[in-house]
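Listed below are the residues making up each chain.
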Amino acid sequence: MPGISGLEFLESIRLDEKKKRIPVLIMTNLPTVEKEKKAFDLGAADFIKKELLNNDKEKVLEIIRMKIVTDVRVEGVNEDQSRNKDRLVMKLMETAISGTFEETVKVFCESLNEIVESKYAGFWMVTSGSTELLFEKSNNVESPGQINDLMSERSFKHLKESKEPYLSNHIFNEELGFFHKYSKEHELAAEIAVPLFALS
């Protein structure tokens, strides 16, 4: 664009109250870590290298379609949290396009772990009466491993009925949570559980 860079243009859009929520994809033929960081700090939905457009136009179209579909709005979060959410969604979409479900789960858990700096993250799949631990990431704590009878847990029943996440502080509260003993042993202040549902 003559007279203005893409990053300057993005910065001006972010100052306009009516236009600041428009998802913007930054494309450049001279990518640098600094440009990418600046783009995300300004709220870019994604940062695409022009060589990807030249080599795989279909993948770029898929990224754009996914961004439109996954423009998730979350009320009551600050700008940093919103940027983290946008980055997480884009990472997930990129992995979902080119990877397997298991790779997407791994990216999901590892990215969440980076954002909230948790000591443990796990992802279980529940199908036809059985549970399977698909991925876990633990930082400086031993793994709790598979929950043997997940579906008989009071917390599982709560997630299934309410379909809403919960936060449990195990130091003060034992009403909900899968890892009371584990959390106390490893001084984990809180447990957050979020149900995700799939339809086929």
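Residues numbered from 1 in each chain as written. Predicted model: local features only at pLDDT ≥ 70, side-chain atom pairs only at ≥ 80, totals over all residues. Heavy atoms only, no water.

- As annotated in an unreviewed UniProt entry, the protein chain carries the name Two-component system response regulator and is attributed to Gracilimonas halophila.

## Some thoughts on unusual backbone geometry
In terms of backbone geometry, most residues other than glycine have negative phi values and most peptide bonds are trans.
Inference 1: Phi is positive for Glu117, which is not a glycine, with a value near 50 degrees.
Inference 2: If you trace the backbone, Glu117 turns up in the loop between helix 6 (101–116) and strand 3 (120–127).
Inference 3: For Glu187, which is not glycine, the phi dihedral falls at a positive 55 degrees.
Inference 4: Structurally, Glu187 can be placed in the loop between helix 8 (180–185) and strand 6 (191–193). (Helix = DSSP H or I, 4+ residues; strand = E, 2+ residues; numbered from the N terminus.)

## Some thoughts on the packing of aromatic side chains
Inference 1: A full pass over the atoms with the stated rule returns 6 aromatic pairs.
Inference 2: Joined through ring pairs, the aromatic side chains of Tyr120, Trp124, Phe179 and Tyr182 make up one cluster. (Phe/Tyr/Trp six-rings, centres within 6.5 Å; stacked < 30°, edge-to-face > 60°.)

## Observations concerning a nonpolar patch on the surface
Inference 1: On the surface, a cluster of nonpolar side chains totalling about 440 Å² of accessible area is made up of Leu167, Ile192, Val194 and Leu196.
Inference 2: Residue position: Ile192 is located in strand 6.
Inference 3: Relative accessible area serves as the criterion here: at 62%, Ile192 is assigned to the exposed category. (Patch = residues over 30% accessible without salt bridge, like charges linked within 9 Å, V, L, I, M, F, W, Y side chains within 5 Å. Areas by Shrake-Rupley, 256 points an atom, 1.4 Å probe, with all protein chains shown as cover. Salt bridge = Lys/Arg side-chain N within 4 Å of Asp/Glu carboxyl O. Buried < 20%, exposed > 50% of the residue type's maximum accessible area, 1.4 Å probe, protein only.)

## Description of the packing of helix 1 (residues 6–15) against helix 2 (residues 33–41)
Inference 1: The contact between helix 1 and helix 2 brings their axes to 10 Å, and the two run at 15 degrees. Between helix 1 and helix 2, the interaxial angle falls into the category roughly parallel. Taken as a pair, helix 1 and helix 2 cross one another with a handedness that is left-handed. Where helix 1 approaches helix 2, its residues Leu7, Leu10 and Glu11 are matched on the opposing element by Lys35, Lys38 and Ala39.
Inference 2: Looking at the contact of helix 1 with helix 2 residue by residue, the class counts come to 3 nonpolar, no polar and 3 charged. (Axes fitted to C-alpha atoms, helices over the stretch in contact; angles between N-to-C directions. Parallel < 35°, antiparallel > 145°, perpendicular 65-115°, else oblique. Left-handed = near helix turned anticlockwise from the far one by under 90°. Contact = heavy atoms within 4.5 Å. Nonpolar A, V, L, I, M, F, W, Y, C, P; charged D, E, K, R; others polar.)

## A short note on the environment of Cys109
Inference 1: Note on placement: Cys109 falls in helix 6.
Inference 2: For the pair Cys109 and Asp86, spaced 23 residues apart in the sequence, the C-alpha separation amounts to 15 Å.
Inference 3: Setting aside anything within four residues of it in sequence, one finds Cys109 in contact with Ala121, Gly122, Phe123 and Phe135.

## Regarding the pairing of strand 3
Inference 1: Relative to strand 4 (residues 130–138), strand 3 runs antiparallel, the two being bridged by 8 bridges. Looking across to strand 4, one finds that Tyr120 is bridged to Ser138.
Inference 2: Counting the residues that bridge the hairpin from strand 3 to strand 4 gives 2 residues, and of these Ser128 lies at a positive phi of roughly 45 degrees. (Pairing = 2+ DSSP bridges.)

## Some points on the side chain of Ser183
Inference 1: Relative to the helices and strands, Ser183 is located in helix 8.
Inference 2: A polar contact is formed between the side chain of Ser183 and the backbone oxygen of Phe179, at a distance of 2.8 Å. (Polar contact = N/O pair within 3.5 Å; in protein donor to acceptor, adjacent residues only side chain to side chain.)

## Examining the pattern of salt bridges
Inference 1: Taken as a whole and assessed by the stated rule, the structure comprises 3 salt bridges.
Inference 2: The salt bridge partner of Lys37 is Asp41, with a shortest N-O separation of 2.7 Å. Taken together, the residues span about one helical turn, with Lys37 and Asp41 both in helix 2 at a distance of 4 residues.
Inference 3: What makes Lys37 exposed here is its relative accessible area of 52%.
Inference 4: On the basis of relative accessible area, Asp41 is assigned to the partly exposed category, the value being 33%.
Inference 5: Glu114 is paired through a salt bridge with Lys91; the nearest N and O atoms lie 3.7 Å apart.

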